[in-house]
Amino acid sequence: MALKFNRNKHNSKIILDGERWERRLQKELMSLVREPPPGVVVDSDQGENLSLWTINMTGAEGTLYEGEHFTLQFKFSPKYPFDSPEVTFIGPNIPVHPHVYSNGHICLSILTDDWSPALSVQTVCLSIVSMLSSCKEKKRPPDNSFYVKTCNKNPKKTKWWYHDDTV
Amino acid sequence: MFAFESVFQCIFAPSSPRIWGTTENADNALSTNTSVVVPSDPAPPYMEVYYPVYYPSPSIARTGNQLTEDEQVKIALRIGLIQNLPEGKYGDCEINTECVICMIDFVVGDHVRYLPCLHTYHVRCIDDWLMRRFTCPSCMEPVDTGTFDWI
Ligand SMILES: [Zn+2]
Ligand SMILES: [Zn+2]
């Protein structure tokens, strides 16, 4: 049996519909500039096509990362928000954290398996801020050196195992 | 709504090349469309222009002619289920004021779809998502259609 797949309203459209998603990114950027999560600074100028953002983050007071500066990079595919953004720490200071690899990759389920288009750059930032703030001991993930040597450049290509937190 | 405080122990899965391979292939299929073995049926002419992409599971993307028969059945069923979800015109006094997928406020008369959890979205926004994953983006509940829970 071979079903014939016709071009219908359920497919082909995502690619042709870029404008709608550019509007969403524009809107997200404006609201993030206006009301950034604590410790987050976003420049309203993120280049022409909005597909690559740089976000600055400062470790919150009273946490292990107090006063440290970090830089996050968000990469959006043309299928955002159906596809999650690719989010990594970049630059000279990568936070030493049990869920952050020394190459900047972050192990956070909402960036892969638990992504939903109802999430946003804002909620991802909040989630990362909270991940850093709740850290009790600065250390790299146990498999850091192996992972960094063998992983794909794109953290979304990693099949993560998300275990309950035992840190 | 989302548990920000719950973080996860990171262990990636070096022992599952099968899963890595699948993701890799899906990606190639999207970008170059060359590395995946294409089954016997030649692509219908429109494919050369549009390359509609189907998601037999969230991380697997294939064009129509790359689907296995099982996947074709699964996707045909899913299209049927989506089309059976109630839709209508956005009215005056509804709970949801914004479609959280495109982040645009609803306007009276917008073509919307209602999920069983009562979350509302533009038809064109939610249908694109449901073709990938059969869950509500807002509450992450599986869309319960009663009979076909296994889709
Ligand atoms: Zn919408
Ligand atoms: Zn819902």
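From a predicted model like this one, the values you see are computed outputs, not experimental measurements.

Section: the overall build of chain A
Right, on to step 1. Helix and strand counts for chain A stand at four helices and five strands.
Right, on to step 2. Ordered by position from N to C terminus, the α and β elements of chain A give α-α-β-β-β-β-α-α-β.
Right, on to step 3. In chain A, which comprises 167 residues, the proportion classed as buried is 50%.
Right, on to step 4. Residue pairs at least 24 apart in sequence account for 60% of intrachain contacts in chain A once pairs closer than 6 positions are excluded.
Right, on to step 5. For chain A, the exposed surface amounts to about 8,000 Å²; the carbon and sulfur share of it is 52%.

Let's talk about the environment of Gly64(B)
Right, on to step 1. In this structure, Gly64(B) sits in the loop between β3 (60–63) and α3 (69–84).
Right, on to step 2. Sequence separation of Gly64(B) and Cys93(B) is 29 residues, and the distance between their C-alpha atoms is 40 Å.

Re the sheet that holds strand β4 (residues 86–90) of chain A
Residue and element names in this part refer to chain A.
Right, on to step 1. Overall, antiparallel pairing links the four strands, which are arranged β1-β2-β3-β4 in an open sheet. In the strand order of this sheet, the two ends are held by β1 (40–42) and β4, each with one partner. Across this sheet, the average inter-strand angle for adjacent strands is 30°, counted without regard to direction.
Right, on to step 2. Each of β1, β2 (52–58), β3 (69–75) and β4 touches helix α3 (residues 121–133); the most contacted strand, β2, lies at about 35° to it.

Points about α3(A)
Residues and elements named next belong to chain A.
Right, on to step 1. Compared with the 18 Å implied by 1.5 Å per residue over 13 residues, the 18 Å span of α3 between its first and last C-alpha is a close match.
Right, on to step 2. The buried fraction of α3 amounts to 10 of the 13 residues, a majority that puts the element mostly inside the structure.
Right, on to step 3. All of the buried residues along α3 are Val121, Thr123, Val124, Cys125, Ser127, Ile128, Val129, Ser130, Met131 and Leu132.

Things to note about the coordination of the zinc ion (ligand 2)
Residue and element names in this part refer to chain B.
Right, on to step 1. Donor atoms from the polypeptide that bind the zinc ion (ligand 2) are Cys117 (SG), His119 (ND1), Cys136 (SG) and Cys139 (SG), placed at 2.0 to 2.3 Å.
Right, on to step 2. What the four donor atoms of the zinc ion (ligand 2) show is an angle range of 104 to 118° at the metal, which sorts the shape as tetrahedral.
Right, on to step 3. Between consecutive donor residues of the zinc ion (ligand 2), the sequence gaps follow C-x1-H-x16-C-x2-C.
Right, on to step 4. Given a relative accessible area of 30%, cysteine 117 falls into the partly exposed group.
Right, on to step 5. Classification of histidine 119 by relative accessible area gives partly exposed; the value is 22%.

Section: the UniProt feature "domain: RING-type" (unreviewed entry) in chain B
Right, on to step 1. When the UniProt feature table is mapped to this numbering, "domain: RING-type" (unreviewed entry) covers residues 99–139 of chain B.
Right, on to step 2. A helix fraction of 20% and a strand fraction of 24% characterise residues 99–139 of chain B, whose end C-alpha atoms lie 14 Å from each other.

Structural notes on the coordination of the zinc ion (ligand 1)
Ideal geometry at a metal centre: 109.5 degrees between donors when four sit tetrahedrally, and 90 or 180 degrees when six sit octahedrally.
Residue and element names in this part refer to chain B.
Right, on to step 1. In this structure, Cys99 (SG), Cys102 (SG), His122 (ND1) and Cys125 (SG) serve as the protein donors to the zinc ion (ligand 1), at separations of 2.1 to 2.4 Å.
Right, on to step 2. For the zinc ion (ligand 1), the four donor atoms in the first shell make angles of 97 to 116° at the metal, so the coordination geometry reads as tetrahedral.
Right, on to step 3. Each donor residue of the zinc ion (ligand 1) lies on the same chain, and together they follow the pattern C-x2-C-x19-H-x2-C. Judged on exposure class, the residue histidine 122 and its partner cysteine 125 are both buried.

Some remarks on the confidence of the model for chain B
All names here are of chain B.
Right, on to step 1. Overall, the prediction assigns chain B a mean pLDDT of 71, with 62% of residues at 70 or greater.
Right, on to step 2. In the model, residues 1–9 has pLDDT below 50 throughout and makes 29 contacts with residues more than four positions away in sequence or in other chains.
Right, on to step 3. Overall, residues 147–151 carries pLDDT values under 50, and its contacts beyond four positions in sequence, including any with other chains, amount to eight contacts.
Right, on to step 4. Note on the complex model: pTM 0.75, ipTM 0.80.

Here we look at the environment of Asn56(A)
All names here are of chain A.
Right, on to step 1. Looking at the element boundaries, asparagine 56 is found in strand β2.
Right, on to step 2. Note on asparagine 56: relative accessible area 38%, which makes it partly exposed.
Right, on to step 3. Distance from asparagine 56 to phenylalanine 89, taken between C-alpha atoms, is 9.8 Å for residues 33 residues apart in sequence.
Right, on to step 4. Setting aside residues up to four positions removed in sequence, asparagine 56 forms contacts with Gly39, Val40, Val41, Phe70 and Thr71.

Scoring rules and cut-offs
- Residues numbered from 1 in each chain as written.
- Chains lettered and ligands numbered in written order.
- Predicted model: local features only at pLDDT ≥ 70, side-chain atom pairs only at ≥ 80, totals over all residues.
- Heavy atoms only, no water.
- Helix = DSSP H or I, 4+ residues; strand = E, 2+ residues; numbered from the N terminus.
- Buried < 20%, exposed > 50% of the residue type's maximum accessible area, 1.4 Å probe, protein only.
- Contact = heavy atoms within 4.5 Å.
- Areas by Shrake-Rupley, 256 points an atom, 1.4 Å probe, with all protein chains shown as cover.
- Pairing = 2+ DSSP bridges.
- Axes fitted to C-alpha atoms, helices over the stretch in contact; angles between N-to-C directions.
- Expected span 1.5 Å × (residues − 1).
- Donors = N, O, S within 2.8 Å, 3.2 Å for Na, K, Ca; no water.
- Tetrahedral: all angles 85-135°; square planar, octahedral: opposite > 155°, others 65-115°.
- UniProt positions renumbered as here; feature names shortened; annotations may be inferred.
- pLDDT = per-residue confidence, 0-100.

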